[in-house]
Amino acid sequence: MNIAWDGAAYTSNFSFVHQYGQSVIELIEAGKGSAVLDLGCGNGALSNVLREKGYLVKGMDASPELLDIARKNHPTIEFIQADATCFSLAEPVDVVFSNAVLHWIDREQQDNMLNCVHDVLKESGEFVFELGGYGNNDQIHGALREVFSAHGFSYNMPFYFPTIGEYTALLERAGFQVRFAVLFDRPTELKGENGMKDWINMFLKTPFSVVKREDEKEAMIEEAVRSLQSSLYKNGIWYSDYVRLRIRSIRL
Ligand code: BEZ
């Protein structure tokens, strides 16, 4: 799924995405000097962390807006514009790394993405990643589903949040061996008094494309935020009810 990103707002309000991503990097076993592809690198913040750890990094993303920021902030890293479901590299890499990206790819396109990752990895190369897992943001999507229905719209949840069993089966079919997999809750603090509203505005553009009137969209978001207050607003802080699926696998 390709959406137009507000790269500046993403970088300033949602820096937790790359802060949490640092613990996914810890799963990589390849040593310094190994070639790593950061798949869905966004603004390049984690590509830079990988580089600081001594890896030879290339970043890849479909979004020109985010790549502009990545290239400006990290001019010595090579960033490639490509679709994660249809890409290749001139030279194979030791590791493909990805954080908080793969849930944006429809279930029907996941096999294409996994085949591309398989093809760019050296034999025994690592595919290390985290995505939203089964149950991710259930409360947020549930609240929005009710509000959409009350306004006469249907809510199309635009993400793929698989279980461990489902995703490890896809990996095995694509020629990977799974060495580590975990699904865990990670309630995540959002920034500011409007944290939930900002999160919905940033990440849920696609479902709202059916709502043509801006004032109605605003009202719907307010209604959803109000209904989430009792469960996701604590001591003056908004939380997103994230569930993470984290995996380390090897290309056979
Ligand atoms: C996630 O990281 O789980 C996520 C972020 C934005 C939208 C959907 C899921």
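About the criteria used
- Residues numbered from 1 in each chain as written.
- Predicted model: local features only at pLDDT ≥ 70, side-chain atom pairs only at ≥ 80, totals over all residues.
- Heavy atoms only, no water.
- Helix = DSSP H or I, 4+ residues; strand = E, 2+ residues; numbered from the N terminus.
- Rg over C-alpha atoms; globule rule 2.2 N^0.38 Å.
- Areas by Shrake-Rupley, 256 points an atom, 1.4 Å probe, with all protein chains shown as cover.
- Lys, Arg positive; Asp, Glu negative; His and termini not counted.
- Charge placed at Lys NZ, Arg CZ, Asp CG, Glu CD.
- pLDDT = per-residue confidence, 0-100.
- Near = heavy atom within 4 Å.
- Polar contact = N/O pair within 3.5 Å; in protein donor to acceptor, adjacent residues only side chain to side chain.
- Nonpolar A, V, L, I, M, F, W, Y, C, P; charged D, E, K, R; others polar.
- Buried < 20%, exposed > 50% of the residue type's maximum accessible area, 1.4 Å probe, protein only.
- Salt bridge = Lys/Arg side-chain N within 4 Å of Asp/Glu carboxyl O.
- Contact = heavy atoms within 4.5 Å.
- Arc of directions from axis to C-beta.

1. Overview of the overall build of the chain
Next up, step 1: When helices and strands are counted, the chain shows 9 helices and 8 strands.
Next up, step 2: Taking 252 residues into account, the globule formula puts the C-alpha radius of gyration at 18 Å, and the chain, at 18 Å, falls close to it.
Next up, step 3: Here the chain has roughly 11500 Å² of accessible surface; of this, 48% comes from carbon and sulfur atoms.
Next up, step 4: A gap of 3 Å separates the mean positions of the 24 positive and 34 negative side-chain charges of the chain.

2. Focus on the confidence of the model for the chain
Next up, step 1: Per-residue pLDDT for the chain averages 96, and the proportion of residues at 70 or more is 99%.
Next up, step 2: Looking across the chain, the model is least confident in helix H1 (residues 7-13), with a mean pLDDT of 76, and most confident in strand E1 (residues 35-39), with 99.

3. Some remarks on the site of the ligand
Next up, step 1: All residues adjacent to the ligand are Ala100, His103, Trp104, Gly132, Asn136, Asn137, Phe159, Phe161, Trp199, Phe203, Tyr242 and Arg244.
Next up, step 2: Arg244 has a polar side-chain atom sitting 2.7 Å from an oxygen atom of the ligand.
Next up, step 3: Protein burial of the ligand: of its 260 Å² of free accessible surface, 95% is covered by the chains.
Next up, step 4: When residues of the shell around the ligand are traced back to their parent elements, those giving at least two are helix H8 (195-203) and strand E8 (237-251).
Next up, step 5: Grouping the amino acids of the shell around the ligand by side-chain chemistry returns 7 nonpolar, 4 polar and 1 charged.

4. Some remarks on the side chain of Arg186
Next up, step 1: For Arg186, the location among the structural elements is in strand E6 (residues 176-189).
Next up, step 2: Note on Arg186: relative accessible area 10%, which makes it buried.

5. Points about the pattern of salt bridges
Next up, step 1: Summed over the entire model, instances satisfying the criterion amount to 13 salt bridges.
Next up, step 2: Across the pair Glu222 and Lys197 runs a salt bridge whose closest N-O atoms are separated by 3.6 Å. Highlighted residues: Glu222 in helix H9 (residues 214-232) and Lys197 in helix H8, separated in sequence by 25 residues.
Next up, step 3: When its relative accessible area of 34% is taken as the criterion, Glu222 is described as partly exposed.
Next up, step 4: Here the salt bridges share partners, and the residues they tie into one network are Glu130, Arg186, Arg244 and Arg246.

6. Section: helix H3 (residues 45-52)
Next up, step 1: Summarising burial for H3: 6 of the 8 residues are buried, a large majority.
Next up, step 2: Where the residues of H3 are buried, they touch helix H2 (16-25), E1, strand E2 (56-61), strand E3 (78-81) and strand E4 (93-99).
Next up, step 3: One or two positions beyond H3, positive phi appears at Gly54, with a value near 100°.

7. Description of helix H7 (residues 164-173)
Residue pairs three or four apart in sequence face the same way in an α-helix, which turns once every 3.6 residues.
Next up, step 1: Restricting attention to buried positions, one finds in H7 the residues Tyr167, Thr168, Leu170 and Leu171. Seen from one end, H7 has its buried residues packed into an arc of 155°, which puts them on one side. Within H7, the exposed residues directed more than 90 degrees away from the buried face are Glu172 and Arg173.
Next up, step 2: As for H7, its buried residues are in contact with helix H5 (107-120), strand E5 (121-132), E6 and E8.
Next up, step 3: Following H7 by one or two positions, Gly175 has its phi on the positive side, about 95°.

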